[in-house]
Amino acid sequence: GAVVSQHPSWVICKSGTSVKIECRSLDFQATTMFWYRQFPKQSLMLMATSNEGSKATYEQGVEKDKFLINHASLTLSTLTVTSAHPEDSSFYICSARNRASGRETQYFGPGTRLLVL
Amino acid sequence: GIQVEQSPPDLILQEGANSTLRCNFSDSVNNLQWFHQNPWGQLINLFYIPSGTKQNGRLSATTVATERYSLLYISSSQTTDSGVYFCAVPRRGRRDDKIIFGKGTRLHILP
């Protein structure tokens, strides 16, 4: 149980295009999902918290118009990197919290590697 | 906010060796998790251990909440144990669904 998927697993795009990343909880309902960014050999940095049916909350320094988050259902959150530039190249990871487990445990997707040329 | 420090930052061991990874945190927490990030980037939940000791096969973890540290033990290391080990705690210590990660311990097991 507690499986989280992400799609795509990797994407290469030209500068200026938009890229959408999907995060799905496959076997549980997630009222809250989280989006992280990880640069090579660094730790995970929280970008935003996605709440089903409401607006996402963004961490300080994260541009909400740049990184659009939609949490349309209890099993799906999407992150859209708009007008991507080379500095947006990174490893993006989502997680979902399984409230039914009674624990504050987050389960992570396999990540999406984005390379912007 | 709460600070999380992990040590050592890097560890290279021969297959079969044992290791101890440490996570120190600067304030009281009611939740601590250990993760293994494999070489492909997937984070795998190892332990949810706000206090006490747990064991799962060759891995075990102990959190001493009053002294603000947690230890992850890996016995009889295998090459598949390679990767980065992170600990994570609630960003504000308690009642916070946002977690903050330490910088991790990068473990490399040699065959």
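On a predicted model such as this, the values are computed, not experimentally measured, just so you know. (Residues numbered from 1 in each chain as written. Chains lettered and ligands numbered in written order. Predicted model: local features only at pLDDT ≥ 70, side-chain atom pairs only at ≥ 80, totals over all residues. Heavy atoms only, no water.)

As for the overall build of chain A
Scanning chain A from terminus to terminus reveals zero helices and 11 strands. Ordered by position from the N terminus, the helices and strands of chain A form the series β-β-β-β-β-β-β-β-β-β-β. C-alpha extents for chain A along the principal axes are approximately 40 × 25 × 20 Å. By element, 53% of the accessible surface of chain A is carried by carbon and sulfur atoms, the whole surface being about 5800 Å². Across chain A, the mean location of the 12 positive side-chain charges is 3 Å away from that of the 9 negative side-chain charges. (Helix = DSSP H or I, 4+ residues; strand = E, 2+ residues; numbered from the N terminus. Areas by Shrake-Rupley, 256 points an atom, 1.4 Å probe, with all protein chains shown as cover. Lys, Arg positive; Asp, Glu negative; His and termini not counted. Charge placed at Lys NZ, Arg CZ, Asp CG, Glu CD.)

Quick word on the sheet that holds strand 7 (residues 59-64) of chain B
Residues and elements named next belong to chain B. Read across the open sheet, the five strands follow the order 1-3-8-7-6; overall the sheet is antiparallel. Lying at the two open borders of the sheet, with one neighbouring strand each, are strand 1 (4-7) and strand 6 (52-56). With direction set aside, neighbouring strand axes in the sheet form an average angle of 15°. The sheet contact formed by strand 7 and strand 8 (residues 69-74) spans six bridges and is antiparallel. Residue Leu 59 lies in a different strand from strand 8, and its bridge partner there is Ile 74. (Pairing = 2+ DSSP bridges. Axes fitted to C-alpha atoms, helices over the stretch in contact; angles between N-to-C directions.)

Remarks on the sheet that holds strand 7 (residues 67-73) of chain A
Hydrogen bonds between backbone atoms are what pair the strands of a sheet, whose relative direction is either parallel or antiparallel. Residues and elements named next belong to chain A. Read from one edge to the other, the open sheet built from four strands follows the order 1-3-8-7, with strand pairing classed as antiparallel. Each of the sheet's edge strands pairs with one partner strand only, and the pair in question is strand 1 (4-7) and strand 7. Going across the sheet, the axis of each strand differs from the next one's by a mean of 15°, ignoring polarity.

Here we look at the state of the cysteines
What we call a disulfide is simply a covalent bond connecting the sulfur atoms of a pair of cysteines. With the rule as written, the count across this model stands at two disulfides over all chains. Cys 23 of chain A shares a disulfide with Cys 94 of chain A; S-S distance 2.0 Å. As the torsion about the S-S bond is roughly 80°, the Cys 23 of chain A-Cys 94 of chain A disulfide counts as right-handed. Residue Cys 23 of chain A is found in strand 3 (residues 19-25), and its partner Cys 94 of chain A is found in strand 9 (residues 90-97); the two are separated by 71 residues along the sequence. Here Cys 23 of chain A and Cys 94 of chain A have matching classes, each one buried. With a sulfur-sulfur separation of 2.0 Å, Cys 23 of chain B is cross-linked through a disulfide to Cys 87 of chain B. With the S-S bond torsion at 75°, the cross-link from Cys 23 of chain B to Cys 87 of chain B turns out right-handed. (Disulfide = S-S within 2.5 Å. Buried < 20%, exposed > 50% of the residue type's maximum accessible area, 1.4 Å probe, protein only.)

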